[in-house]
Amino acid sequence: MIQFPKDFIWGSATSSYQIEGAAMEGGRAWSIWDAHAHIPGRTANNDHGDVACDHYHRYKEDVKLMADLGLKAYRFSISWSRIQPDGQGAVNPEGIQFYSNLIDELLSYGITPWITLYHWDLPLALHTEKDGWLNPEIADYFAKYADICFTHFGDRVHHWITHNEPWVVAILGYSAGVFAPGRKSEDEPYIVAHNILRSHAKAVQRYREKYQPAQEGTIGITNNCDWREPLSDKPEDIDAAQRALEFFLGWFTDPIYFGDYPAVMRERLGDRLPQFSEEEKKLLIGSSDFFGLNHYSTLLAADAPSGVEVENNVYGNGGIFADQRVLLTADPEWKTTAMRWPIVPLGCQKLLEWIRDRYDNPPIYITENGCAFDDAKDENGEVRDTDRIHFLEGYIDACHQAIENGVALKGYFVWSLMDNFEWAQGYSKRFGIHYVDYESLERTPKHSAHWYRKLIENNGFKLSQ
Ligand code: GBH
């Protein structure tokens, strides 16, 4: 039996654009993701989030599913354009009401809300009229929006996450261009990342000065990182793996723990990497009460010898190739998920230990981990997703091992509560522990949901293999 510490938090996560639907209802305006998904060819089957899981209308039923699981915490995100349709002006009371109702519903079942303020759905007007994340002023718009959320929800919400995965916004949105706003640039990702970090720091400053003393909540940021295992024990491959991790995670977390970007990035990028003012550095250092981590997979990293070239702005490079010069591959022995992401639980443990060592053992929450498989209902209406159960067993066991090794891991949120709009993959990839029939919108607990319920009940589980 693998047993977790007494106060360990078991949760599940979703995000606004992926589940809410009601895209043009309740006073909401479009975000960059509505616009992106409605451009033909940007998503699988041209899928979009107009209806999604219709969570906006079915939130009570969804909270009931969470209660049936015994979930301790639920992580969801707020759609900025539901709160401020144009991203800067008046507050939309219907938007406030929706999230307020959701929070009350969660609390009535004893489920703790964890709110992410930004999970990629920037109000479209801020992008078209103000250049979105490329504009330094966005930090002030974001801080104002965050302030509105603290005002209206902070009496009941004590767990805040400013941003979800800035790496994805910067690299997949502005380099590979596969996510909104679909740009392909070599310099913009670094500017966007810089402004996201500045916006994070400003929002945290507001919370700490105006709200935290009375509301007594915690605030932080969630970053994503896949593990990079050296391809060989040659020093240049070991360096390449380390460099890849610094370009991936250190890019966003070094500023928060040390006040500046990793040295390897400053050396390699020179003037292309924006600089923080002294004041910004001060605001950034210590601006996360916890280390939020989303983790999915692992790849092998090798140094790219001079002469070897790989195209820059493509998905799967792990960033901008010309800057990092790291070649990524998968071990052919590794099993993969429906996303073709390798399943390597040991990578999860190693990443947690890397964070422990680099950032002086911060409290960590895994705010996302999970997998897509080609789930289907059988003739009895059951979804027997044993491969997902094995995935979760492997990764949660790796988390446990990391705790044994001194990592201050405090909680785990499975991605996702239910199948949903998987961005560029539309509805073709299913990450949920609940199955969603997109015709009837009916939800069905998969076998993994039953497994997770037992895990929560026992605060641990028995390894099946
Ligand atoms: C998360 O991002 C998002 O927060 C969430 O909205 C989304 O639905 C969920 O994941 C599932 O996709 O090329 O083999 O190294 C995940 C970020 C970045 C994780 C790219 C996997 C590539 C794996 N992803 N990474 S690999």
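For the structure, check the block above.
Numbering of residues starts from 1 in every chain and runs along the sequence as written. Owing to the predicted nature of the model, reporting of local features is limited to residues with pLDDT of at least 70; listing and counting of side-chain atom pairs is limited to 80 or more, with chain, interface and lining totals taken over all residues. Values shown for side chains rest on all heavy atoms present in the structure; no hydrogens or waters enter the calculation.

Description of the overall build of the protein chain
The criterion, for reference: A run of H or I in DSSP becomes a helix once it reaches four residues, and a run of E becomes a strand once it reaches two; helices and strands are each numbered from the N terminus. Radius of gyration here is computed from C-alpha atoms only, and the compact-globule reference equals 2.2 Å multiplied by the residue count raised to the power 0.38. Contact criterion: two residues are considered in contact whenever any of their non-hydrogen atoms come within 4.5 Å of each other. To measure how exposed things are, a 1.4 Å probe is used in the Shrake-Rupley method; for residues, cover is taken only from the protein chains shown. Here the positive residues are Lys and Arg and the negative ones are Asp and Glu; neither His nor the chain ends is included. Note on charges: their place is set at NZ of Lys, CZ of Arg, CG of Asp or CD of Glu.
When its secondary structure is counted, the protein chain shows 16 helices and 15 strands. Against the globule reference of 23 Å for 465 residues, the protein chain gives a C-alpha radius of gyration of 21 Å, in line with a compact fold. Overall, the C-alpha framework of the protein chain stretches about 55 × 55 × 45 Å when taken along its three principal axes. Of the contacts made within the protein chain by residues no fewer than 6 positions apart, 76% connect residues no fewer than 24 positions apart. For the protein chain, the exposed area adds up to about 17300 Å²; of that, 49% sits on carbon and sulfur atoms. Positive and negative side-chain charges in the protein chain, numbering 44 and 68 respectively, have mean positions lying 2 Å apart.

Side note on the packing of aromatic side chains
So the rule is basically this: Geometry of aromatic contacts follows a simple scheme: Phe, Tyr and Trp rings, the Trp one being its six-membered ring, pair when their centres are within 6.5 Å, and the pair is stacked under 30 degrees between planes, edge-to-face over 60, tilted otherwise. Categorising residues by exposure relies on relative accessible area from a 1.4 Å probe, with only protein chains included: less than 20% of the type maximum marks a residue as buried, more than 50% marks it as exposed, and the intermediate range marks it as partly exposed.
A complete count under the given rule lists 51 aromatic pairs for this structure. Judged by centre distance (4.9 Å) and plane angle (75°), the ring pair of Phe4 and Trp10 falls under edge-to-face. When its relative accessible area of 5% is taken as the criterion, Phe4 is described as buried. A relative accessible area of 0% means that Trp10 is categorised as buried. Residues Trp451 and Phe461 carry aromatic rings whose centres are separated by 5.4 Å and whose planes lie at 65° to one another, so their mutual orientation is edge-to-face. Residue Trp451 is located in helix α16 (residues 447-458), and its partner Phe461 is located in strand β15 (residues 460-461); the two are separated by ten residues in the primary sequence. In this structure Trp451 comes out as buried when scored by relative accessible area, which is 13%.

Section: the sheet that holds strand β6 (residues 218-224)
Where we set the bar: DSSP-based pairing: two strands are paired if at least 2 bridges between them are found. Fitted lines through C-alpha atoms give the axes, limited to the stretch in contact for helices. The angle between two N-to-C directions lies from 0 to 180 degrees.
Here we have eight strands rolled up into a closed barrel, ordered β2-β3-β4-β5-β6-β8-β11-β12, and parallel in their pairing. Here the strands of the sheet are splayed against their neighbours by 25° on average, with no regard to which way each runs. Judged from the four bridges that link them, strand β11 (residues 364-369) and strand β12 (residues 409-415) form a sheet pairing that is parallel. Looking at the pairing, Asn369 lines up with Val414 of β12. Each of β4 (112-118), β5 (159-164) and β6 is contacted by helix α7 (residues 138-153), which is oriented at about 160° to β4, the strand it contacts most. Docked against the sheet, helix α8 (residues 166-174) engages β4, β5 and β6, running at close to 40° with respect to β6.

What about the environment of Leu124?
Mapped onto the elements, Leu124 comes out in helix α6 (residues 124-130). As for Leu124 and Asp86, which are separated by 38 residues in sequence, their C-alpha atoms are 7.2 Å apart. Beyond its immediate stretch of four places on either side in the chain, Leu124 contacts Trp30, Ser31, Ile32 and Ala35.

Considerations on the site of the ligand
Test applied: Throughout this document, a residue counts as near a molecule or strand when at least one of its heavy atoms sits within 4 Å of that molecule or strand. Throughout this description, a polar contact denotes any pair of N or O atoms lying within 3.5 Å of each other; where both atoms belong to protein, one of them has to be capable of donating a hydrogen while the other can accept it, and for residues adjacent in sequence the pair is counted only when both atoms sit in side chains. Under the grouping applied here, Gly and all other residues not named as nonpolar or charged are polar, the nonpolar ones being Ala, Val, Leu, Ile, Met, Phe, Trp, Tyr, Cys and Pro and the charged ones Asp, Glu, Lys and Arg.
Taken together, the neighbourhood of the ligand is formed by 21 residues, with Gln18, Glu165, Asp226, Glu422 and Trp423 sitting nearest. In this structure, an oxygen atom belonging to the ligand sits 2.9 Å away from a side-chain N or O atom of His119. In this structure, an oxygen atom belonging to the ligand sits 3.2 Å away from a side-chain N or O atom of Trp415. For the shell around the ligand, the class distribution of residues is ten nonpolar, six polar and five charged.

Some words on the packing of α7 against helix α9 (residues 188-215)
How we decide: To sort the angles, those under 35 degrees are grouped as roughly parallel, those over 145 as roughly antiparallel, those from 65 to 115 as roughly perpendicular, and the leftovers as oblique. Put simply, a crossing is left-handed when the front helix is turned counterclockwise from the back one by less than a right angle, and right-handed when it is turned clockwise.
In contact at an axis separation of 8 Å, α7 and α9 are set at 30° when each is read in the N-to-C sense. Between α7 and α9, the interaxial angle falls into the category roughly parallel. Between α7 and α9 the crossing geometry is right-handed. Where α7 approaches α9, its residues Ile138, Ala139, Asp140, Phe142, Ala143, Lys144, Ala146, Asp147, Phe150 and Thr151 are matched on the opposing element by Asn195, Arg198, Ser199, Lys202, Ala203, Arg206, Tyr207, Lys210, Tyr211 and Gln215. In terms of residue class, the contact of α7 with α9 is made up of nine nonpolar, four polar and seven charged.

Observations concerning the pattern of salt bridges
So the rule is basically this: Any Lys or Arg side-chain nitrogen found within 4 Å of a carboxyl oxygen on Asp or Glu counts as a salt bridge.
For the structure shown, the criterion picks out 33 salt bridges. When salt bridges that share partners are traced, they join Asp375, Asp385, Arg388, Asp419, Arg430 and Lys446 into one network.

What about helix α10 (residues 235-258)?
Owing to its 3.6 residues per turn, the α-helix brings residues three or four apart onto one side. Selection criterion: Given a helix with a known number of residues, its expected span is that number minus one, times 1.5 Å.
With 24 residues, α10 should cover 34 Å at 1.5 Å per step; its first-to-last C-alpha distance of 26 Å lies more than 12% under that length. Summarising burial for α10: 17 of the 24 residues are buried, a large majority. Phi turns positive, to about 90°, at Gly259, one or two residues after α10.

Quick notes on the side chain of Asp47
Structurally, the position occupied by Asp47 is in the loop between α2 (32-37) and α3 (55-69). Notably, Asp47 is buried but unbridged: the nearest opposite-charge side chain belongs to Arg430, and the N-O separation is 9.6 Å. A distance of 2.8 Å separates a polar atom in the side chain of Asp47 from the backbone nitrogen of Tyr427. Among all residues touching Asp47, those that are not within four sequence positions of it are Ala37, Phe421, Gly426, Tyr427 and Ser428.

Quick look at the environment of Ala13
Note on placement: Ala13 falls in strand β2 (residues 9-13). Expressed as a C-alpha distance, the spacing of Ala13 and Ala44, which sit 31 residues apart in the sequence, is 23 Å. What Ala13 contacts, discounting residues up to four positions off in sequence, is Arg75, Thr367, Glu368, Phe413, Val414, Trp415, Ser416 and Leu417.

So, helix α14 (residues 345-358)
In a regular helix each residue adds 1.5 Å, so 14 residues correspond to 20 Å; α14 covers 20 Å between its end C-alpha atoms and thus fits that length. Of the residues making up α14, those classed as buried are Gly347, Cys348, Gln349, Leu351, Leu352, Glu353, Trp354, Ile355 and Arg356.

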